[in-house]
Amino acid sequence: MTITTNRTLLASALDRCARVTPSRTTKPILAHTLLVAAEGRLTYRATNLQCEASGSLPAVGSGSICVSPKELASALAGLTGDTVTLSPAAGHVSVTGSTKRSFKLATLDADDFPAPMAVDGSTHELPAETLSGLIASVAFAARQDADRHEQHCVHLEPWKGQLRATTADGGRRVATRDIALASDIRLNIPLPVANMIAGIKSGTVTLTCDSRGMAFQHGDERLAAMIPVADFPPINSHLDMLPRGASVTLAAEQLLESVKALWRVDPEQDVRLSFTSGLIVVECTGKGSARDEIECPVVTPYEVWLPADQLSDALGAVSGDVTLSYGPAELDPFWIAQSGWQTLM
């Protein structure tokens with residue numbers, strides 16, 4: 001019993017699986033990927049019980065294998081040729097390419113692998129480019145660690161007749177993007193899944209969502225996640241109540257260029273923005289001191305310290321002119337916004 005498939009396609013599938021495979025787990029089966037060959041297709045599936053990645057690719061043969069995606073990917077990288085042959089046996093699988101070189105990898109019982117995530121709810125079709133852009137414009141503000149799963153995600157919901165994507169890091173940082181799409185989509189997309197979706201920019205995608213979770217389908221590729229919609233905090237209902245003080249408009253690229261120049265001097269330092277008469281002064285004082293000035297019609301003086309990496313991420317998510325809103329009090333929110341997009345820092 002052997003399975004033969006394209007080595008490059010399998011490596012690409014394993015890369016997707018590795019993104020949802022936990023690096024540490026008390027359940028060894030979750031650190032593995034399930035491969036099942038039948039009727040000319042090799043299906044793959046990986047899960048951490050909160051996120052799931054699956055799909056299929058052409059193959060010859062039949063059989064089931066439960067193997068570490070990282071170990072199998074490493075073996076594929078050490079082989080040559082367009083095809084790879086997997087020969088499963090009790091407790092292991094032999095992996096061979098176009099030469100006599102082979103690898104022997106440990107496997108687990110495929111019957112012990114968790115069942116697929118089932119999401120039964122409303123179905124919505126969207127252009128992949130629309131969904132990709134929506135996610136990419138706000139993902140930078142999501143919580144980067146998975147300790148708080150309800151904030152380690154991109155939240156989609158209807159908002160004032162449009163579809164809004166919202167992220168938050170659990171502190172002060174929030175980002176939202178609105179698009180002109182009347183829809184009842186309500187779901188949470190975990191950040192690892194959201195980052196994979198953001199890389200798909202052609203064709204049409206299908207979203208299925210219910211109160212428990214969501215599923216994403218693009219061709220043979222499927223991503224699923226179980227984060228209840230109710231777990232995301234009611235951020236959007238509070239944003240409109242926050243004050244916005246004085247404002248100034250400038251090109252996002254211009255400010256980003258200044259921030260990156262200072263960031264290279266000392267990546268760990270915060271950047272100070274000083275709004276003075278006719279100027280925005282961008283500076284940092286750390287291992288190396290640096291300063292830049294941007295001519296801008298500033299009306300109200302103000303000063304704010306912001307993490308250089310966070311400010312760079314926010315400005316890099318958009319293009320064109322942005323409006324900075326600040327003050328007047330020192331602890332008032334600092335906003336960066338343009339039509340349909342905003343981030344609070």
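Since the structure is predicted, the reported quantities are computational estimates derived from the model, not experimental observations.

J.: Outline the overall build of the chain, supporting the account with residue identities and numerical values.
T.: A count of helices and strands for the chain gives 7 helices and 24 strands. Each of the 345 residues in the chain was classed as buried or not, and the buried ones make up 50%. Nonlocal contacts in the chain, meaning residues at least 24 apart in sequence, comprise 65% of its contacts between residues at least 6 apart. Of the roughly 15,700 Å² that the chain leaves accessible, carbon and sulfur atoms contribute 50%. Between the mean site of the 28 positive side-chain charges and the mean site of the 38 negative ones, the chain shows a separation of 5 Å.

J.: Just give me the short version of the packing of helix α3 (residues 128–136) against helix α4 (residues 191–198), but keep the residues and values in it.
T.: Interaxial distance between α3 and α4 falls to 8 Å at its minimum, and their mutual angle equals 130°. The angle between the axes of α3 and α4 places the two elements in the oblique class. As α3 packs across α4, the resulting crossing turns out to be left-handed. Residues Leu131, Ser132 and Ile135 of α3 pack against Ala194, Ile197 and Ala198 of α4. Partitioning the contact of α3 with α4 into residue classes produces 5 nonpolar, 1 polar and no charged.

J.: Could you give an account of the sheet that holds strand β17 (residues 246–251), with specific residues and numbers?
T.: Sheet architecture is open: 8 strands sit in the order β13-β10-β11-β12-β24-β23-β22-β17, paired in antiparallel fashion. Looking along the sheet, the strands with just one partner apiece sit at the ends: β13 (187–190) and β17. Averaged over all pairs of adjacent strands, the angle between strand axes in this sheet comes to 20°, irrespective of strand direction. Across 6 bridges, the pairing between β17 and strand β22 (residues 321–326) is antiparallel. Paired with Ala251 across the bridge in β22 is Asp321.

J.: I'd love a proper account of the pattern of salt bridges, names of residues and values included.
T.: Tallied over the full model, the rule gives 13 salt bridges. A salt bridge links Arg19 to Asp15; the nearest nitrogen and oxygen atoms lie 3.1 Å apart. A residue pair is termed a helical-turn pair when its members lie 3 or 4 positions apart in one helix, as Arg19 and Asp15 do in helix α1 (residues 7–20) at 4 residues. Overall, Asp15 belongs to the partly exposed group, its relative accessible area being 39%. We note a salt bridge from Glu157 to Arg186, for which the minimum N-O separation is 3.5 Å. Placement of the pair is Glu157 in strand β10 (residues 153–159) and Arg186 in the loop between β12 (174–179) and β13, with a sequence separation of 29 residues.

J.: If you had to explain the pairing of strand β6 (residues 83–89) to someone new, which residues and values would you point to?
T.: With 4 bridges connecting them, strand β1 (residues 3–6) and β6 associate as antiparallel partners. Bridging from a neighbouring strand, Thr5 pairs with Val84 of β6. Of the strand pairs in this sheet, β6 and strand β7 (residues 92–96) are connected by 5 bridges, and their pairing is antiparallel. Among the inter-strand pairings, Ser87 is bridged to a residue of β7, identified as Ser94. Joining the antiparallel neighbours β6 and β7 is a turn of 2 residues, in which Gly91 adopts a positive phi near 80°.

What counts and what doesn't
- Residues numbered from 1 in each chain as written.
- Predicted model: local features only at pLDDT ≥ 70, side-chain atom pairs only at ≥ 80, totals over all residues.
- Heavy atoms only, no water.
- Helix = DSSP H or I, 4+ residues; strand = E, 2+ residues; numbered from the N terminus.
- Buried < 20%, exposed > 50% of the residue type's maximum accessible area, 1.4 Å probe, protein only.
- Contact = heavy atoms within 4.5 Å.
- Areas by Shrake-Rupley, 256 points an atom, 1.4 Å probe, with all protein chains shown as cover.
- Lys, Arg positive; Asp, Glu negative; His and termini not counted.
- Charge placed at Lys NZ, Arg CZ, Asp CG, Glu CD.
- Axes fitted to C-alpha atoms, helices over the stretch in contact; angles between N-to-C directions.
- Parallel < 35°, antiparallel > 145°, perpendicular 65-115°, else oblique.
- Left-handed = near helix turned anticlockwise from the far one by under 90°.
- Nonpolar A, V, L, I, M, F, W, Y, C, P; charged D, E, K, R; others polar.
- Pairing = 2+ DSSP bridges.
- Salt bridge = Lys/Arg side-chain N within 4 Å of Asp/Glu carboxyl O.

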